[in-house]
Amino acid sequence: MSALQATGAEVQVQGSETKPKLSDAEDPIIVDALPGGFAVLGLWVSTAGGSLRATVTYDQPNTFVWLWIVPVPNFWNAAMAWSPWPGGGISVALDRPQTYQPLTQWGDAPVPGTLFFVLLIKWDMSPWPFPYVLSLSN
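Residues numbered from 1 in each chain as written. Predicted model: local features only at pLDDT ≥ 70, side-chain atom pairs only at ≥ 80, totals over all residues. Heavy atoms only, no water.

**Overview of the overall build of the chain**
The helix and strand tally for the chain stands at one helix and eleven strands. In sequence order, the secondary structure elements of the chain are arranged as α-β-β-β-β-β-β-β-β-β-β-β. Taken over C-alpha atoms, the radius of gyration comes to 14 Å for the chain, in line with the 14 Å a tight globule of 138 residues would show. For the chain, the C-alpha atoms occupy an extent of roughly 40 × 35 × 25 Å along the three principal directions. With 138 residues in all, the chain has 49% of them scored as buried. (Helix = DSSP H or I, 4+ residues; strand = E, 2+ residues; numbered from the N terminus. Rg over C-alpha atoms; globule rule 2.2 N^0.38 Å. Buried < 20%, exposed > 50% of the residue type's maximum accessible area, 1.4 Å probe, protein only.)

Structure representation (structure tokens):
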């Protein structure tokens, strides 16, 4: 996270490895907004279900968004998805195997594990807030 801050990103981390923001996440939906400019949200999530899927939906189609799920400590099972470029989109999803989205996803979902670091990165320099809906499920 410090490397992202060093590049000028405004970084928010919610929760910690020992106290996740969302404990035993089954199907929460988070409605929030990132600030204008290059911004990052790091969210600690735990689940008893043994896996995690995530989808982020937004209303700024020209914004490049990167979603990354990192299971802790099994980081080799990480998965990431990004907006189609050029042209953007209005959602990024890590909810199925990579074969269904080979050009916008690396790794398979659902991501196995019980503790995760979910990273949402908005690669945009517009000054306006970036409202989003983050859906999680196991």
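Here the narrative resumes, following the displayed structure.
**Focus on the pattern of salt bridges**
By the definition in use, this model includes one salt bridge. For R96, the salt bridge goes to D95, with nearest N and O atoms at 3.7 Å. Residue classification places R96 among the partly exposed residues on the basis of a relative accessible area of 35%. For D95, a relative accessible area of 27% puts it in the partly exposed group. (Salt bridge = Lys/Arg side-chain N within 4 Å of Asp/Glu carboxyl O.)

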